[in-house]
Amino acid sequence: MTIAIASSQAQFEDTPSIAAVLSSPNFLVRETLAGLVTALALIPEVISFSFISGVDPKTALVASIVLGLVMSVLGGRPAMVTAAAGSIALVIGPMVRLHGVGYILPTIILAGAVQIAFGAAGLARLMRFVPRSVMIGFVNALGILIFSAQVPHILNVPWLVYPLFVLSIAIILVVPRFTLAIPAPLIAIVIVTAIVMIGNLTVPNVGGQGSMAPGLPGITPFLVPLDLETLQIVWPTALSVGFVGLLETLLTAKLVDDLTDTRSHKGRESWALGVANIVAGFYGGIAGCAMIGQTVVNVKIGRARTRVSTAIAALVLLLLVTGLSGLMAQIPMVALAAVMMIVAIKTVNWHSVSPATLKRMPVPETTVMAVTVAVTVATGNLALGVAAGVLLAMVLFARRVAHVIRAERSVSLDGLSVRYDVYGPLFFGSSNDLVERFSYGVDPKSVSIDLTHSQIWDASSVAALDSIETKYLEHGATVRFIGLDQRSSAFHGRLTGQLAG
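The rules behind each value
Residues numbered from 1 in each chain as written. Predicted model: local features only at pLDDT ≥ 70, side-chain atom pairs only at ≥ 80, totals over all residues. Heavy atoms only, no water. Helix = DSSP H or I, 4+ residues; strand = E, 2+ residues; numbered from the N terminus. Contact = heavy atoms within 4.5 Å. Areas by Shrake-Rupley, 256 points an atom, 1.4 Å probe, with all protein chains shown as cover. Lys, Arg positive; Asp, Glu negative; His and termini not counted. Charge placed at Lys NZ, Arg CZ, Asp CG, Glu CD. Expected span 1.5 Å × (residues − 1). Buried < 20%, exposed > 50% of the residue type's maximum accessible area, 1.4 Å probe, protein only. Pairing = 2+ DSSP bridges. Right-handed = clockwise from strand over helix to strand, strands pointing away.

## Some points on the overall build of the chain
Turning to step 1, where the next piece is worked out: Secondary structure summary: the chain contains 21 helices and six strands in total.
Turning to step 2, where the next piece is worked out: Projected onto its principal axes, the C-alpha positions of the chain cover 100 × 60 × 55 Å.
Turning to step 3, where the next piece is worked out: Taking all contacts inside the chain whose residues are at least 6 apart in sequence as the whole, residues at least 24 apart take part in 83%.
Turning to step 4, where the next piece is worked out: Accessible surface, the chain as shown: approximately 22500 Å² in total, 66% of it carbon and sulfur.
Turning to step 5, where the next piece is worked out: Charge separation in the chain, taken as the distance between the mean sites of 30 positive and 25 negative side-chain charges, equals 9 Å.

## Structural notes on helix 15 (residues 333-347)
Turning to step 1, where the next piece is worked out: With 15 residues, helix 15 should reach 21 Å at 1.5 Å per residue; the first-to-last C-alpha distance of 21 Å fits that figure.
Turning to step 2, where the next piece is worked out: Of all 15 residues making up helix 15, 13 are buried, and the element is well covered by its neighbours.

## Digging into the environment of Ser417
Turning to step 1, where the next piece is worked out: Relative to the helices and strands, Ser417 is located in strand 4 (residues 417-423).
Turning to step 2, where the next piece is worked out: Exposure remark for Ser417: the relative accessible area of 25% places this residue in the partly exposed category.
Turning to step 3, where the next piece is worked out: Those residues within four positions of Ser417 in sequence are excluded, and the remaining contacts are Val411, Ser412, Pro444 and Ser446.

## Overview of the pairing of strand 6 (residues 478-482)
Turning to step 1, where the next piece is worked out: Here strand 6 shows a buried face lined by Val479 and Phe481 and an unburied face lined by Thr478, Arg480 and Ile482.
Turning to step 2, where the next piece is worked out: Note: strand 5 (residues 446-453) against strand 6, five bridges, orientation parallel. Paired with Val447 across the bridge in strand 6 is Val479.
Turning to step 3, where the next piece is worked out: The parallel pair strand 5 and strand 6 is bridged by helix 20 (residues 459-474), and the resulting crossover is right-handed.

Structure representation (structure tokens):
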């Protein structure tokens, strides 16, 4: 038992381990620099999404600090960045506009409880049913959303922004050719910020996005009564927050698994997110989930692999919010926008949309990917896009499988009996087709239906077999069902004859 437990835990260990990072200067520098650039990449999105959710920027930043620290300790996916996210803001915003900010805290507490229950019940395993085409659509849609969110920072701005933008892009693209010791986005942000401050240039900066007064808020108080009326107001939004957060977090965790060739503990990530959101609700005031753009910055650009990087990101954000808020306010938005645009371009799976791939890929797979992208981009809601993609994939899969059922007919030499060998799974999509595969009017009086190469998966299949038997009885024939495996036989025996009416 001890060996089994140790083996289970080893599956999800950081690579390299935290101990290895702390004992190795190279690892520690890499994780620290990755965390630093990730913290800077968080600022524009967290601030911009705060307006959507109806809270002030300081609230969203502090909540992101809390989320980052808690998830660095409890989370099941090392190096994945969690903060106040746009997907959560899109869900909470309408409720805040209708009922006020006082209902945010009870909403977050209930959403966190849902996430904890989800993780504790092991329901994170359901993510295995998300098709690859939906996952690719999710990633491509995120790339488009991240890129489009940066466009306003380079349109209708002073002309000085454009040379700074070109300089930022050039640094991000050229520096990695010479060194990977320091993340190129960090160099770009530092150089462009220094140019603006030394030259006293007037360009849009972080300070222009909202109040950057130093200091931290206190514990978030309850501003509404905890009664049935409050529950009726918050529960629909709380469920949406809970499941949208889980969906984006688990999909991002799967992406990081692929990028790092390591496994994560999805169940742990789920309940840890619930705990982090509840803590952030009480100290900060808004919920969050995984941030795929910043995670790509941390893992792909910063080459981070452990919890150290995300803890550093949270601590750097804390330092910027408290002691260095004046410096943070001076960071030009164009530098941050340039970083996120490059991240967006790197996020998109360009191979999936190349002409050669599209030519080889089955049309249903491409359709699912395109629908996922279209719905996500049109609504700005990742959950809706993924849900649409999964539902379409299910329908197309059921349609394909429904037509693989076949029944091969063979008449005995004496012509007194007939045998049908059925091939393929029997479920609601295929069982209706099966009913039409028999020659009821011409078959002899003894009919055997061999289901050795088939299985019964639902009540629709049992009803279809009952219908076949009834049709033969009407023609004076008797039917025997043979070859059923133990599970299918027990299922059929329990329901046959009980589904009419």
